[in-house]
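Coordinates in review
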Amino acid sequence: MSEIVEKRSGIKDTINKIGLPTVIIACFFIFLLVVSAVIKLPLATLLSDMLKRGGMNGLLVLAMVPSIQSGTGPNFALPIGIECGLFAIVCGIQFGFTGMALILFTGALAIVLATIAGYIYGRLMNAVKGSEMAIATYTGFSISAVMCLAWLMVPFNSDQMRWMLGDGLRETIQLDGVGAAGIINNFLSFEVAGLKIPTGLLLVFALFCFIVWVFFRTKTGIAISAGGINPKFALASGLNTDRNRIIANILSTILGSLGIILYSQSYGYVQIYNAPLMMAFPAVAAVLIGGATASRAKVSHVIIGVFLFQGILTTAMPVANELFAGTDLSETLRMIIQNGIILYALTQVKGGND
Amino acid sequence: MVKLDNKNTEKMSLYTWVMNNLVTLIFLAFTLFGFLVAEGVSADYFLTEITSRLYRNGILVLSLIIPVLAGLGLNFGIVIGAMAGQIAIAIVRFFDMGGLGGLALTFIISAPLAAIFGYFTGILYNKTRGQEMIASLIVGFFANGLYQFLFLFVVGAIIPVPKGHPMIMPNGIGIRMSIDMGTLKYSLENILEVPFMWGVLVVAGVMLVVMLLKRFNVIKAKKGSKRQVGIMPWVNMGLCAVLVVISIHAIVTNSNLMLVKKIPIGTVVIILLVCLFTELIMKTKLGQDFRSVGQNQHIAEVSGINVDRTRIIATIISTVLASWGMIIYLQNMGTLSTYSAHTNIGMFAVASLLVGGASLSKAGIKNAIVGAVLFNAMFIMSPAIGQAVFGQALLGEYFRTFMMYGVIGVALGIYVWKNNKQSKTTL
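Residues numbered from 1 in each chain as written. Chains lettered and ligands numbered in written order. Predicted model: local features only at pLDDT ≥ 70, side-chain atom pairs only at ≥ 80, totals over all residues. Heavy atoms only, no water.

1. Topic: the overall build of chain B
- Broken down by element type, chain B carries 16 helices and four strands.
- A compact globule built from 427 residues would reach a C-alpha radius of gyration of about 22 Å, and chain B, at 23 Å, matches this within 12%.
- C-alpha atoms of chain B, sized along the principal axes, occupy 70 × 65 × 50 Å.
- In chain B, which comprises 427 residues, the proportion classed as buried is 51%.
- Within chain B, contacts between residues separated by at least 24 positions form 77% of all contacts whose residues are at least 6 apart in sequence. (Helix = DSSP H or I, 4+ residues; strand = E, 2+ residues; numbered from the N terminus. Rg over C-alpha atoms; globule rule 2.2 N^0.38 Å. Buried < 20%, exposed > 50% of the residue type's maximum accessible area, 1.4 Å probe, protein only. Contact = heavy atoms within 4.5 Å.)

This is the structure in structure tokens:
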């Protein structure tokens, strides 16, 4: 909305305000939409896909806000939260929950697990100030690898999850069997002119966006942001920045764990083993595309970023397939955009500790 | 094992020595444990695997040393060098060239490509100062996207290629999932191969003679190098003597140890040349610049060193070496998996170097070689241990992936944590 007011002071200021990468990517998205309209692709399907995928990735992206605001940088260790969520789902299925009960139980357990994991992770991040991003990445990788061992060794025996032969859990667990596939998506969902609106999914995403938005207006939230902007000043004003960073990382881990539950129910499958390994990067990229930097992020960045990024990914594939038959460029495009935007954000980080 | 350092033992308590080499020792213990529990691993199989992996990965690991010394940290961006090597191979194989000449051509083509890539990567590292480690990881992913774009789309859609070419996908756009290396395969190995035990005999024998001569002052020790005291020289001599005896025994009785894969002299010579190059360049003015920049960029800048340029040169050298390392790796593998061969190279090499006892600011040839041996030993042993202890080889495979990430994570974490603690006490 604000850009309309800004227009008087010139296009340049507007672009600076929104952020150059966001503008470029938004233009690219509009271009893709125009092309897909020209080559007569079903726009309604594309947009429904975008809404669905935006919603299902939403919480994972939202998890970036607390950690960025606290000065820890984007949460590259998102797999920690994800593994907590996955473990909660697997426990829920093992204990025989189905449907909504499964989702609620899983959510509650995930919050407990993620709080503990987030606390430890927060302590770690406080010990390695200055190189959080690199260490967070490898922490996430290591946790994913450890959990691969865990999935193979857990003594769970539910028929929904077991291999037919041998020990361990399956690579993908269907949520159909426990009546939880798309259960949030389908809540109050409706269709308008071929456009399918996953109301429940969007409502849950909106609810958590609101919670985070409110949280950063409470005393604790403001203290966290202050510590992120200038840790020394915050410390001098009597704020316990270390404690605040831990709180922010706990929140981020919790959002990650709930995010994967939302993601899995929308997808219809729970993917374990190596699936979480690389999940942090698209989430980081999405919030950066929305206009965040490695040190500042808002809830609005999340909403813009996740729909824009997922929108590009959903439209690029059919467009590329139509234009250059037989090539699959969407994965290539994802890699270039995702990692390009992260690199751009890294070049904007001021070096050193000051 | 002879090369395990004995310099540090003098004047340093055993405790600090153990703490400083903890990761290396854990890997050593893990390998030995593997020998104890796993039955399927015979000495000749193990030695074959470990040596061939050492020849294969050696240069890739060595290519990481210079960026570490220049203060860039661990350059995960060697993936980009690997891509340059693969592009060179694709070009050479496209025109169906092979043999030693073809291999030389891949070296020649990949060098300028890698230099250009390294130049741009270096500029990026200068812009992401302080975050090079994560930037180098991400730039590898990013370059992978561009690489895929080149091989999946540009080849065929923009660069015209004949449709029926065996390397090109059936529809005429993009390169197939795997490229056959043709006669490039083993081209370096085929020059000359020496039975492993003869190699051990010669190396151990020469070392033994040199050490004995040094001990009895027949040849003077190099100036400046302190005369070794204590029992370590004797232990080393003993080890060499044992190796000589073992190899003579194996040769005479033609035991299983003679089944170990022969030593490809060509590859070994190149690895030694790269070692020599790394040693020598650190003695030049440029090498001194690397060190000063690595120690403190501000002081280096003040004393008239062009810090940005020095860092870019370090990145270029690393990238070029990595591209050659990848070519040697692939000529040993025999096929090039076009879209996946390079993806894990960076992490493998970095983990190897760290296992060898390197840190983010200190690395040497010894670290690279010891690390490459031990890391690969863990890699070979892991499934065998998983099978023996838990009855599941898959467990061992996940375990070794964990070790790879874990080693990198722990090494990074401890380094930064120590530095933060130090800067706190000095403040």
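Back to the write-up after that little detour.
2. A word on empty space enclosed by the protein
Residue and element names in this part refer to chain A.
- For the structure shown, the criterion picks out three cavities of 30 Å³ or more.
- What the largest cavity holds in volume is close to 40 Å³.
- Contributing to the lining of the largest cavity are Ile-89, Leu-102, Ile-103, Thr-106, Leu-175, Ile-261, Ser-264 and Gln-265.
- Mapped onto the lining of the largest cavity, the elements with two or more residues apiece are α7 (99-127) and α12 (241-267).
- When grouped by side-chain class, the residues that make up the lining of the largest cavity number five nonpolar, three polar and no charged. (1 Å grid on protein atoms, 1.4 Å probe; cavity = no way out; pocket = protein on both sides within 12 Å on 5 of 7 lines; lining within 4 Å. Points joined across faces, edges and corners; volume = space filled by probe spheres on them. Nonpolar A, V, L, I, M, F, W, Y, C, P; charged D, E, K, R; others polar.)

3. Examining the pattern of salt bridges
Residues and elements named next belong to chain B.
- Scanning all chains against the criterion turns up eight salt bridges over all chains.
- Arg-311 serves as the salt-bridge partner of Glu-132, at 2.7 Å between the closest nitrogen and oxygen. Separated by 179 residues along the polypeptide, Glu-132 in helix α7 (residues 132-157) and Arg-311 in helix α13 (residues 307-333) bring together distant segments of the chain. Arg-311 matches Glu-132 in its accessibility class, with the two residues each being buried. (Salt bridge = Lys/Arg side-chain N within 4 Å of Asp/Glu carboxyl O.)

4. Structural notes on the confidence of the model for chain B
Residue and element names in this part refer to chain B.
- Residues of chain B with pLDDT of at least 70 account for 93%, and the chain-wide mean is 85.
- Note on residues 1-10: pLDDT under 50 across the span, and 15 contacts to partners over four residues away in sequence or across chains.
- Overall fold confidence (pTM) sits at 0.88, and the ipTM for the predicted complex is 0.87. (pLDDT = per-residue confidence, 0-100.)

5. Describing the packing of helix α3 (residues 43-62) of chain B against helix α10 (residues 265-281) of chain B
All names here are of chain B.
- Two elements in contact, α3 and α10, have axes separated by 10 Å at closest approach and are oriented at 20 degrees. Classified by the angle between their axes, α3 and α10 sit roughly parallel to one another. As for how α3 packs across α10, the hand of that crossing is left-handed. Of the residues in α10, those touching α3 at Leu-54, Tyr-55, Gly-58, Ile-59 and Leu-62 are Thr-267, Val-268, Ile-270, Ile-271, Val-274 and Cys-275. (Axes fitted to C-alpha atoms, helices over the stretch in contact; angles between N-to-C directions. Parallel < 35°, antiparallel > 145°, perpendicular 65-115°, else oblique. Left-handed = near helix turned anticlockwise from the far one by under 90°.)

6. Re the packing of aromatic side chains
- On inspection of all chains with the given rule, the structure shows 29 aromatic pairs over all chains.
- Both rings, one in Tyr263(A) and one in Tyr267(A), keep their centres 6.0 Å apart while their planes meet at 35 degrees; by these two values the pair is tilted. Placement of the pair is Tyr263(A) and Tyr267(A) together in helix α12, with a separation of four residues, close to one helical turn.
- Considering the side-chain rings of Tyr267(A) and Tyr269(A), the 5.7 Å spacing of their centres and the 65 degrees angle between planes classify their relative orientation as edge-to-face.
- In textbook terms, an aromatic cluster arises when at least three aromatic residues are bridged by ring pairs, as seen for Phe76(A), Tyr138(A), Phe141(A), Phe281(A), Phe76(B), Phe141(B) and Tyr405(B). (Phe/Tyr/Trp six-rings, centres within 6.5 Å; stacked < 30°, edge-to-face > 60°.)

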